[in-house]
Amino acid sequence: MLTTEAQIVRVHRPRPSTSRLPRPQRSSPYGALFMILKITERCNLACPYCYMFFMGDESYREHPPLMSTDTLAGLVGWLQEAVHTQGLRSLHIGLHGGEPLLMNKKAFRQLCAALREGLAGRCRLQLSMQTNGVLIDEAWIEIFSQYDIGIGMSMDGDESLHNLTRVTRSGRGTYRESRRGWELLQQAAAQGRLQKPGILCVVSPGQPAGRIYQHFAQELRASSVNFLLPDFNHDSPEVSPALVQACGDYMLEVCRAWFAGQHRPRVRFIRHVVNSLLDDESCQRLAANQYNPFELITVSSNGDISPDDAIRVLAPRFRETGHTVQESTMSALMDSDAWLEIYASQGQLPAACTGCLWQRLCRGGAPQHRFSAARGFDNPSIYCEALKRIYAFIASMLVQGGVSAEAIEHRLTGPLPTT
C-alpha cells in the first residue's frame, strides 16, 4: 500500500489526454445562479490585501456608497425576467461590500423584503452575507433571523494575528469588535435563530497557520472555515517562488492540523479535494467544469453586471461589460465577450497542464490566479507548485487511512464515468 506523498506521485505515469470534455450548450437554461450583490461600496476597515480597494480597481469611486431603491427595483425585475426566460430555479445572493452592514438597518430590511417578496414562489432564494462583524449587534441579529440570512465572518486568526491585517484606516486592530460579533452569532445559532456562522480567512504567508486553524476550530468552535489564497496573478509584483512556497507551507500546515484534529470544522478547500478523490461523481463534475462563469456574477451598487468579484478587478473589460440590471437581461450574458473569454479558459487548459497528474482536480487553478495581461488566462496558476503539494499530501493521508491509491489514480487519470 502506498503511504507517502512521493509514492502517490510515483504511481502516476503522464499520459496524453484522450478526450475533450463536451462544452455545454450556451442556449441551455440556467439551473442555479450565485450573485455577489454589492449593497455597499465603502468599508470601515482598510485590510491591505483587499482586492476591491487595493488591487487597482477604482470603479468603486464612481459608484454610489449604497445601493438605491431604484437600482434594487431594477435588480428584482431583472431576476424575475431571468426566472421566466432562463428557467432559473435556485438563486443564492451573497450580500457584500465593502462592508454590507454600513447600510442602515431600515434600508437593509427594505432590501431583504424586496428580494424575498419579489421572488417568492418563483425560485428558491438563499441569502447570505460576508461581513467583518465589527458592527454586529442584537438588532442586526434580529434582522438576520427574520430574513434567514447565513453569515460568514472575515477573520485572520487570534487577536495578535488578526490585528496585523484587519485594521481601521488609522491602523487600529479590530479583533475584539469582530470577536464580539462572532459570539453574538454563535449564541443566536445555539438558540436556533440563525444558521451556524462560518469563517473566511485570507492566507498570509509566513504566519503560523496551525495556530490560526486551532483558534478557529478550538476556541471559536467554528463549524466551517475557508482559507483563500491571495488574489495575485502573473502580473502582480508580489509574486515570487518564495511567496508560492510560503503559501503552500501555510495550506499544508492547515491540512496537517485538520487531519490531526478531533473537532474538525468543514474546511472548504480540503473538502473539495477529499470529495473529488473519493467520489466518482464529484471528480467527474470537477473535470467537466470546475468553474462556470455564467453561474457566478457580480452586481455593483449602481446596477452594473460583471463576472465574479475576484475577476472583475483583473482588467477593465471584466468590469465595464456594458450590462446593467436596468437595461440588460440574463440571456444577454451568454453572448458577452467578458464571460465567453473566461468560459473558454475552462475548456482549454494551458499547455503547461498537459500530462499533470492533478489537472482533472485542478483545472489549471482559479481563473484569477491564471491571468496575465499578455496571455489572458492561458497560464497555469501562479500557485501551481503549492497546489500540487497540497493535493499530494491530502491523497497520501487518504491512502494512509485505507483508501486505495489505485482508485485515487483512476479518478485522476482514468476514463471518466458516463452518466
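Q: It is not clear to me how helix α9 (residues 268-278) should be interpreted in this structure. Could you clarify?
A: The periodicity of an α-helix, 3.6 residues per turn, causes residues three or four positions apart to be oriented the same way. Those residues of α9 not exposed but buried are F269, I270, V273, V274, S276 and L277. Relative to the axis of α9, the buried residues are bounded by an arc of 165° and lie together on one face.

Q: I tried to follow the pattern of salt bridges on my own but got confused; where do I start?
A: Any two side chains of opposite charge can pair, on the condition that their charged atoms come close. Considering all chains together, one arrives at 14 salt bridges under this definition. Here E177 makes a salt bridge to R172, at a shortest N to O gap of 2.6 Å. Given the relative accessible area of 17%, E177 is considered buried. We note a salt bridge from E385 to K388, for which the minimum N-O separation is 3.5 Å. Here E385 pairs with K388, and both are found in helix α16 (residues 384-400), just 3 residues apart, close to one helical turn.

Q: Would you mind going over the packing of helix α4 (residues 138-146) against helix α6 (residues 175-190) with me for this structure?
A: A packed helix pair is summarised by two numbers, namely the angle formed by the two axes and the spacing between the axes. Two elements in contact, α4 and α6, have axes separated by 10 Å at closest approach and are oriented at 45°. Taken as axis vectors, α4 and α6 run oblique relative to one another. The interaxial crossing formed by α4 with α6 has right-handed handedness. For the pair α4 and α6, the contacting residues are E138, I141 and F144 in the first and L184, L185 and A188 in the second. Counted by class, the contact of α4 with α6 contains 5 nonpolar, no polar and 1 charged residues.

Q: Would you mind going over the environment of L412 with me for this structure?
A: On the secondary structure map, L412 appears in helix α17 (residues 405-413). Note on L412: relative accessible area 5%, which makes it buried. Sequence separation between L412 and L361 is 51 residues; the distance between their C-alpha atoms is 7.0 Å. Apart from the residues lying within four places of it in its own chain, the contact partners of L412 are L277, L357, W358, R360 and L361.

Q: Mind showing me how you'd approach the state of the cysteines here?
A: Covalent bonding between the sulfur atoms of two cysteines is what defines a disulfide. For the structure shown, the criterion picks out 0 disulfides. With no disulfide partner, C43 has as its closest neighbouring cysteine sulfur the one in C47, 6.3 Å distant.

Q: Would you mind going over the sheet that holds strand β3 (residues 124-131) with me for this structure?
A: Sheet strands line up and pair through hydrogen bonds in the backbone, either parallel or antiparallel. Strand order across the open sheet formed by 10 strands is β7-β6-β5-β4-β3-β2-β1-β8-β9-β10, with mixed pairing between neighbours. The sheet terminates laterally at β7 (266-267) and β10 (323-324), the two strands that pair on one side only. With 2 bridges joining them, strand β6 (residues 224-228) and β7 adopt parallel strand pairing. Within β7, the position partnered with S224 by the bridge is R266. Together, β5 (198-202), β6 and β7 form the strand contacts of helix α8 (residues 241-260), whose direction differs from that of β6 by roughly 160°. Across the sheet, helix α13 (residues 337-347) is in contact with β8 (296-299), β9 (304-307) and β10; its angle to β9 comes to roughly 15°.

Q: Is there a simple way to think about the packing of aromatic side chains in this case?
A: To describe a pair of aromatic rings, one takes the distance between the centres and the angle between the planes. Counted by the stated rule, this structure contains 11 aromatic pairs. Aromatic side chains F108 and W140 sit 5.1 Å apart centroid to centroid with 85° between the ring planes, which places their arrangement in the edge-to-face category. Separated by 32 residues along the polypeptide, F108 in helix α3 (residues 105-119) and W140 in helix α4 bring together distant segments of the chain. For F108, a relative accessible area of 0% gives the class buried. Take W140: its relative accessible area is 2%, and that puts it in the buried class. Ring pairing ties together the aromatic residues F108, W140 and F144, which thus form one cluster. The residue whose ring lies beneath R256 is F393, and the NZ or CZ to ring-centre distance is 5.3 Å. Its end group placed over the ring of W258, R264 keeps NZ or CZ at 4.7 Å from the ring centre.

How each quantity is defined
- Residues numbered from 1 in each chain as written.
- Predicted model: local features only at pLDDT ≥ 70, side-chain atom pairs only at ≥ 80, totals over all residues.
- Heavy atoms only, no water.
- Buried < 20%, exposed > 50% of the residue type's maximum accessible area, 1.4 Å probe, protein only.
- Helix = DSSP H or I, 4+ residues; strand = E, 2+ residues; numbered from the N terminus.
- Arc of directions from axis to C-beta.
- Salt bridge = Lys/Arg side-chain N within 4 Å of Asp/Glu carboxyl O.
- Axes fitted to C-alpha atoms, helices over the stretch in contact; angles between N-to-C directions.
- Parallel < 35°, antiparallel > 145°, perpendicular 65-115°, else oblique.
- Left-handed = near helix turned anticlockwise from the far one by under 90°.
- Contact = heavy atoms within 4.5 Å.
- Nonpolar A, V, L, I, M, F, W, Y, C, P; charged D, E, K, R; others polar.
- Disulfide = S-S within 2.5 Å.
- Pairing = 2+ DSSP bridges.
- Phe/Tyr/Trp six-rings, centres within 6.5 Å; stacked < 30°, edge-to-face > 60°.
- Lys NZ or Arg CZ within 6 Å of the ring centre and 35° of its normal.

These results come straight from atomic positions and should not be treated as a statement about function.
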